[in-house]
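Notes for the structure review
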Amino acid sequence: MERIGKAAAIILSLILAVGLGFSIWKERQENREILRKAAELEKELGPLEVERNRLQQELISLKKDHKDALEGDGSIVLLFTDLSEAVYTDIFPKMKGYGFTGMLAVSALQYPGQEGCMSTEQFQSLLNAGWSCCLKWDADAEPREWFKSCEEIIRITGIAEPNAVYFPADAYDSGKDSFLAGKGFGIAVHHGEEGLSLIASEAEEGLWHSGAMGWNQSGAEPMLEEAAVQGGNLVFTVGSDSQNEQYAEEAFANMLWQVNEFHKNEGLRVCSLSEAREYRKEVGEAGNQEEEGYREQRRELEAEIQELEEEMERITGAYMR
């Protein structure tokens, strides 16, 4: 009886061993089949994945190019809010070294030839070098009287009538827009009053509002970067109206260097207010013209990508059966 039990145990062990061996063999066969199918699937899907990735990159580039076209390059206006002779003797050579021009604010309180200001000859030299000018608002004067005094200064200096008015901090409000427009002005420079954005990214119909901040003000550096990278116009003021505008030779030289880096790497423009607005108009018009073509290209690429993905799903499904 004991022998029969031992024999049965041996037989059972053999059966289990054979079964286990068969299971292992079957599993290996199945794994080989899975690996074979996976290799065949990868071989069939490979070219499709390469093509899909190429189209996806093309779509990303198309979207980026379209975004860049809509935004355009950024621009900055270096606006000098007083006419100190140092603008001509010290600042002008530094800016000329980079090929930059600035903008001069003229008012009945500060104009070329007045005591404490640059001479009319120096002022004219800057204009001949490509600099521009605007009028500076006097918050203490009644608007009509301010404009009358500005007309007199324009007559005395012989400069062309400026198209822009610069408002010192806290001097601007939208109630002045109708007066400015009525006098033929096209640009008002503010300091963010009434929640206006400092960076002007649209050309606007009618009066154009461009924001300004002191060149050495806290937060000026990231604002400059935003204007350069995202596209839009920003005004940096240099003068004596506030501590944030005060000229400091070394710091100003560093600012010019940084502006030049953005100019080289991001296409940042250093220009006048009129040039900045005209460029924003050109960007807007170009964006409108290319919008339809962009949408058609995008639809075609998205349709091709979807078609490839559907084909990849079909092939994958067939191998899964």
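Before reading further, recall that the structure is shown in the block above.
Residues numbered from 1 in each chain as written. Predicted model: local features only at pLDDT ≥ 70, side-chain atom pairs only at ≥ 80, totals over all residues. Heavy atoms only, no water.

A closer look at the pattern of salt bridges
Enumeration according to the criterion identifies 8 salt bridges in this entry. With a shortest N-O distance of 2.6 Å, Lys 94 and Asp 90 are connected by a salt bridge. Remark: Asp 90 and Lys 94 occur in helix α2 (residues 85-98); sequence separation between them is 4 residues, near one turn of the helix. A relative accessible area of 22% means that Lys 94 is categorised as partly exposed. The salt bridge partner of Glu 261 is Lys 264, with a shortest N-O separation of 3.0 Å. With Glu 261 and Lys 264 both in helix α7 (residues 249-266) and 3 residues apart, this pair spans about one turn of that helix. (Salt bridge = Lys/Arg side-chain N within 4 Å of Asp/Glu carboxyl O. Helix = DSSP H or I, 4+ residues; strand = E, 2+ residues; numbered from the N terminus. Buried < 20%, exposed > 50% of the residue type's maximum accessible area, 1.4 Å probe, protein only.)

Digging into the packing of aromatic side chains
The full count for this structure, using the stated rule, is 13 aromatic pairs. Pairing Trp 146 with Phe 185 gives two aromatic rings, centres 6.1 Å apart and planes at 45 degrees, and the pair type is tilted. Linking Trp 146 in helix α4 (residues 143-157) with Phe 185 in the loop between α5 (177-182) and β5 (187-190), this pair joins segments that are 39 residues apart in sequence. Residue Trp 146 is classed as buried on the basis of its relative accessible area of 2%. Looking at Arg 269, its charged tip hangs above the ring of Tyr 279, at a distance of 3.7 Å from the centre. (Phe/Tyr/Trp six-rings, centres within 6.5 Å; stacked < 30°, edge-to-face > 60°. Lys NZ or Arg CZ within 6 Å of the ring centre and 35° of its normal.)

Some words on the packing of α2 against α7
Interaxial distance between α2 and α7 falls to 10 Å at its minimum, and their mutual angle equals 20 degrees. Of the possible angle classes, the one that applies to α2 and α7 is roughly parallel. Considering the relative orientation of α2 and α7, their crossing is right-handed. Taking contact as the criterion, the partners of Asp 90, Ile 91, Lys 94, Met 95 and Tyr 98 in α2 are, on α7, Glu 249, Phe 252, Leu 256, Trp 257 and Asn 260. Grouping the constituent residues of the contact of α2 with α7 by class yields 6 nonpolar, 1 polar and 3 charged. (Axes fitted to C-alpha atoms, helices over the stretch in contact; angles between N-to-C directions. Parallel < 35°, antiparallel > 145°, perpendicular 65-115°, else oblique. Left-handed = near helix turned anticlockwise from the far one by under 90°. Contact = heavy atoms within 4.5 Å. Nonpolar A, V, L, I, M, F, W, Y, C, P; charged D, E, K, R; others polar.)

Considerations on the nonpolar core
Counting residues in hydrophobic clusters, the biggest one holds 53 residues, and the most contacted among them are Phe 80, Leu 104 and Phe 236. When residues no more than four places from it in sequence are discounted, the contact partners of Phe 80 are Val 87, Ile 91, Met 95, Gly 102, Met 103, Leu 104, Ala 105, Trp 131, Val 238 and Phe 252. Membership of the second largest hydrophobic core comes to 16 residues, among which are Val 77, Ile 187, Ala 200 and Leu 273. (Core = buried A, V, L, I, M, F, W, Y, C linked by side-chain atoms within 4.5 Å.)

Some thoughts on a negative patch on the surface
A contiguous patch of negative charge on the surface is contributed by Glu 300, Glu 304, Glu 307, Glu 310 and Glu 313. With respect to the helices, strands and loops of the structure, Glu 307 is situated in helix α8 (residues 273-320). Taking the relative accessible area as the measure of exposure, Glu 307 reaches 57% and is therefore exposed. (Patch = residues over 30% accessible without salt bridge, like charges linked within 9 Å, V, L, I, M, F, W, Y side chains within 5 Å. Areas by Shrake-Rupley, 256 points an atom, 1.4 Å probe, with all protein chains shown as cover. Lys, Arg positive; Asp, Glu negative; His and termini not counted. Charge placed at Lys NZ, Arg CZ, Asp CG, Glu CD.)

Considering the environment of Glu 249
By the secondary structure assignment, Glu 249 is in helix α7. When the C-alpha positions of Glu 249 and Lys 94 are compared, they lie 9.8 Å apart, and in sequence the two are 155 residues distant. For Glu 249, the contacting residues outside a window of four places in its chain are Asp 90 and Lys 94. A polar contact of 3.3 Å, which involves the side chain of Glu 249, links it to the side chain of Lys 94. (Polar contact = N/O pair within 3.5 Å; in protein donor to acceptor, adjacent residues only side chain to side chain.)

Details of the side chain of Ser 75
Tracing the sequence through the fold places Ser 75 in strand β1 (residues 75-80). Given the relative accessible area of 0%, Ser 75 is considered buried. The contact partners of Ser 75, leaving out residues within four places of it in the chain, are Ala 227, Gly 232, Asn 233, Leu 234, Leu 268, Arg 269, Cys 271 and Ala 276.

Let's talk about the pairing of β1
Of all 6 residues in β1, 6 are buried, a share of seventy percent or more. Residues Ser 75, Val 77 and Leu 79 point to one face of β1 and Ile 76, Leu 78 and Phe 80 to the other, with burial holding for every one of them. In terms of strand pairing, β1 meets strand β7 (residues 233-238) through 6 bridges, oriented parallel. Across the sheet, Ser 75 pairs through a bridge with Asn 233, a residue of β7. Bridge count between β1 and strand β8 (residues 269-270): 2 bridges; the pairing is parallel. What sits directly across from Ser 75, in β8, is Arg 269. Sheet topology note: the β1/strand β2 (residues 103-106) ladder contains 2 bridges and is parallel. Looking at the pairing, Phe 80 lines up with Leu 104 of β2. With α2 bridging β1 and its parallel neighbour β2, the resulting β-α-β unit is right-handed. (Pairing = 2+ DSSP bridges. Right-handed = clockwise from strand over helix to strand, strands pointing away.)

A short note on the packing of α2 against helix α3 (residues 120-128)
Here α2 crosses α3 at 45 degrees, and the two axes come no closer than 9 Å. The pairing of α2 with α3 is recorded here as oblique in orientation. The two elements α2 and α3 meet at a crossing, and its hand is left-handed. The residues of α3 that touch α2, namely those facing Glu 85, Val 87, Tyr 88, Thr 89 and Phe 92, are Gln 122, Ser 125 and Leu 126. Grouping the amino acids of the contact of α2 with α3 by side-chain chemistry returns 4 nonpolar, 3 polar and 1 charged.

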